[in-house]
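# Examination of the molecular architecture
One-letter residues, chain by chain:
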Amino acid sequence: MAAASCLLSEDQFLCPICLDVFIDPVTTSCGHNFCKNCITINWNVNVSLQCPMCKEIFATKPELHINTFISEMVAQFRQSAQQKASSSSSQQQAAKPGEVPCDVCTGTKLKALKSCLVCLVSYCETHLEPHLTMSGLKRHQLIDPVENLEDRMCTKHDKPLELFCKTDQTCVCMLCTVLDHKTHDVVPLKEGYEGKKAELGKTEAEIQQMIQKRRLKIQEIKRSVKLSKKNADGEIAYGVQFFTELKKFVEESMNKLFKEIEEKQKTKQKQADDIIKELEQEISELKKRSAEVKQLSLSEDHLHLLQSFSSLSAAPPTKDWTEVRVRPSFYERIVERAAANLMEEVREGIAHLFKAELNWVQQSAVDVTLDPDTAHPCLILSDDGKQVHHRDVKRNLPNNPERVSSCICVLGKQSFSSGRFYCEVQVKGKTKWTLGVAKESINRKENITLSPQEGYWTISLRNGDEYKALDEPSVRLSLKSRPQKVGVFVDYEEGLVSFYDVDAAALIYSFTDCYFTEKLHLYVGPCPNDGGKNSAPLIITPVNYTE
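About the thresholds
- Residues numbered from 1 in each chain as written.
- Predicted model: local features only at pLDDT ≥ 70, side-chain atom pairs only at ≥ 80, totals over all residues.
- Heavy atoms only, no water.
- Helix = DSSP H or I, 4+ residues; strand = E, 2+ residues; numbered from the N terminus.
- Patch = residues over 30% accessible without salt bridge, like charges linked within 9 Å, V, L, I, M, F, W, Y side chains within 5 Å.
- Areas by Shrake-Rupley, 256 points an atom, 1.4 Å probe, with all protein chains shown as cover.
- Salt bridge = Lys/Arg side-chain N within 4 Å of Asp/Glu carboxyl O.
- Buried < 20%, exposed > 50% of the residue type's maximum accessible area, 1.4 Å probe, protein only.
- Contact = heavy atoms within 4.5 Å.
- Arc of directions from axis to C-beta.
- Pairing = 2+ DSSP bridges.
- Disulfide = S-S within 2.5 Å.
- Polar contact = N/O pair within 3.5 Å; in protein donor to acceptor, adjacent residues only side chain to side chain.
- Lys, Arg positive; Asp, Glu negative; His and termini not counted.
- 1 Å grid on protein atoms, 1.4 Å probe; cavity = no way out; pocket = protein on both sides within 12 Å on 5 of 7 lines; lining within 4 Å.
- Points joined across faces, edges and corners; volume = space filled by probe spheres on them.
- Nonpolar A, V, L, I, M, F, W, Y, C, P; charged D, E, K, R; others polar.

## Overview of unusual backbone geometry
A cis amide bond, omega 0°, links Glu472 with the succeeding residue Pro473. In this fold, Pro473 is placed in the loop between strand S15 (466-469) and strand S16 (475-477). Despite not being glycine, Asp24 shows a phi value in the positive range, around 55°.

Shown next, in the form of structure tokens:
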């Protein structure tokens, strides 16, 4: 019995072709044993009839008979293995939900310790033993237990997926390489695995870089908010000093000013918090993807890595934060604008404040010229692009997409999408004109009403003395004097468009709480010349700081 046990421990029960325990063992005339099905297929595929072991060639196809002795020994071996499995199963844990069960166990499925990529079977501790002790099975590749081992078989040829087609980026079997992928670049599974693992390393590095950029963006935003808070605190202090001097009747306006500043700061803080939250969410998603990529890159399962690569090789879709800014709020001149509402009560006391405000906005002066490609066909521009006037004859000009044909106007050649900018336009001698800014995507071919909703922030003169802000609804402006030169000021981030009477150093009108999302251009409309009554040009003039 001991001798039998010794025999049962040898690997002579493994078929040299399939490397598994014999099924219907047969013996050739040269004395070698094979599974009946294995040797039959071997002889059907090969032209010559020879023994796969000793290469002896047979003149005629041998008649194969089941070797009853070996068959009985194999049966005894299987019975012994099953008894051993039964005795040890009580000491092993049954597979829990989510764990890979042993494919060999009957009845209660025990937890698998390894999966064999050759046998495509998962084994518990007991059933794994032959793979650890028998020389033929030792050559099989074992991995941590995985489910769905059938996915490792070619669905077309029912062969193991052992190769990787770099041309089609897919795993293939040996038959695929001589049929569907005959001319393709095919490499061993391990080589494909190593290549994709290297790519995953690059992907993980890119994700880490993206995380770092977003962390830096958060720091930038926090610094901006801190500076905004500092500016707000400084402006509040200045407001206290100014409104204290105006005593009792200004106290109400002072409190209103503080509330406005605090609301702006809250808005800025909320804007920053929303962006930071979004950035942190992206970081969280990127960390999650990084962890998945790291875990996959550490996997020794070639097929699993290759099959999962396409879904993890690229970073998850994220927002491009390059141009996102939370610029600090600057509260300069907000005190002066608040004081403007008290003009009737303290006109003389705050006149100097408007001069200071104009001097401040003039520091944002830019050089603007008019764009002839946008000019209405009835408009004439000077060679330097600084003057424009209307004439009755319509010129024959190309109707290019940039040209405005819906109204008599021309746009500035320069565009602005951030910061502050200011310019001055002489309106002297005019009875009609329209000035302001317009977004780049305005409708240039159809007649529309000028309004912020349509992308225009403008003021106008009609009938010689009728001034209006073309807001929603339009606002009739009461001016003490006729402006001879109008200043146009824009603070893109603050959403502010203001107009000034340059000579009087007075604010004409402000569009506040605007929301800009695209480039802005200067809008200049000289209007029809009315038979010479309105023939004077509109002129962009150099900016001279007020004293």
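Don't stop here, the text continues.
## Things to note about a nonpolar patch on the surface
Among the surface-exposed residues, Leu175, Val178 and Leu179 lie close enough to one another that they form a single nonpolar patch of about 250 Å² accessible area. By the secondary structure assignment, Leu179 is in the loop between helix H6 (174-178) and strand S8 (186-188).

## Thoughts on the environment of Gln484
Mapped onto the secondary structure, Gln484 falls in the loop between S16 and strand S17 (485-491). Looking at Gln484, the relative accessible area reads 32%, which means it is partly exposed. Residues Gln484 and Val425 lie 59 residues apart in sequence; the distance between their C-alpha atoms is 8.7 Å. The residues contacting Gln484, other than those within four sequence positions of it, are Val425, Gln426, Val427, Lys428 and Asp503.

## Things to note about helix H2 (residues 36-45)
Burial in H2 covers these residues: Cys38, Ile39 and Trp43. The buried residues of H2 occupy an angular sector of 125° when projected down its axis, which confines them to one face. Turned more than 90 degrees away from the buried face of H2, the exposed residues are Asn37, Asn44 and Val45. Elements that come into contact with the buried residues of H2 comprise strand S1 (25-27) and strand S2 (33-35).

## Observations concerning the sheet that holds strand S20 (residues 520-525)
Sheet architecture is open: six strands sit in the order S11-S20-S13-S14-S15-S16, paired in antiparallel fashion. One side of each edge strand has no neighbouring strand; the edge strands of this open sheet are strand S11 (410-411) and S16.

## Re the state of the cysteines
Here the structure, examined in full by the defined rule, presents zero disulfides. With no disulfide of its own, Cys124 has Cys105 as its nearest cysteine by sulfur position, at a separation of 3.7 Å. Since its relative accessible area comes to 0%, Cys124 is described here as buried. Cysteine Cys154 shares no disulfide, and the gap to the nearest cysteine sulfur, in Cys176, comes to 3.7 Å. Residue Cys154 is classed as buried on the basis of its relative accessible area of 9%.

## Here's the deal with the environment of Lys55
Along the polypeptide, Lys55 turns up in the loop between H2 and helix H3 (68-89). Overall, Lys55 belongs to the partly exposed group, its relative accessible area being 48%. Lys55 sits 25 residues away from Cys30 along the chain, and the two C-alpha atoms are 9.6 Å apart. From its side chain, Lys55 meets the backbone oxygen of Pro52 in a polar contact 3.3 Å long.

## Things to note about the side chain of Thr458
Here Thr458 shows up in strand S14 (residues 456-462). In contact with Thr458, not counting residues within four places along its chain, are Thr434, Leu435, Gly436, Val437, Leu450, Ala469, Leu470, Phe499, Phe511 and Tyr523.

## Things to note about the side chain of Lys268
Mapped onto the elements of the fold, Lys268 is located in helix H8 (residues 248-297). No salt bridge forms around the buried Lys268; measuring N to O, its nearest opposite-charge neighbour Glu494 is 4.4 Å away. Those residues in contact with Lys268, other than ones at most four positions away along the chain, are Ser228, Val326, Arg327, Ser329 and Glu494.

## Here we look at the pattern of salt bridges
Scanning all chains against the criterion turns up 18 salt bridges. A salt bridge links Lys196 to Glu199, with the nearest nitrogen and oxygen atoms 3.6 Å apart. Taken together, the residues span about one helical turn, with Lys196 and Glu199 both in helix H7 (residues 189-245) at a distance of three residues. The exposure class assigned to Glu199 is partly exposed, which follows from its relative accessible area of 36%. The closest approach of N and O atoms between Arg289 and Glu292, which form a salt bridge, is 3.5 Å.

## So, empty space enclosed by the protein
Inspection of the entire model under this criterion finds one cavity of 30 Å³ or more. In this model, the largest cavity occupies a volume close to 30 Å³. If you go around the largest cavity, the residues you meet are Val366, Val368, Phe416, Phe421, Tyr422, Cys423 and Leu522. At three residues, strand S12 (residues 420-426) tops the list of elements feeding residues into the lining of the largest cavity. Across the lining of the largest cavity, the residue classes break down as seven nonpolar, no polar and no charged.

In short, shape yes, function no, at least from these values alone.
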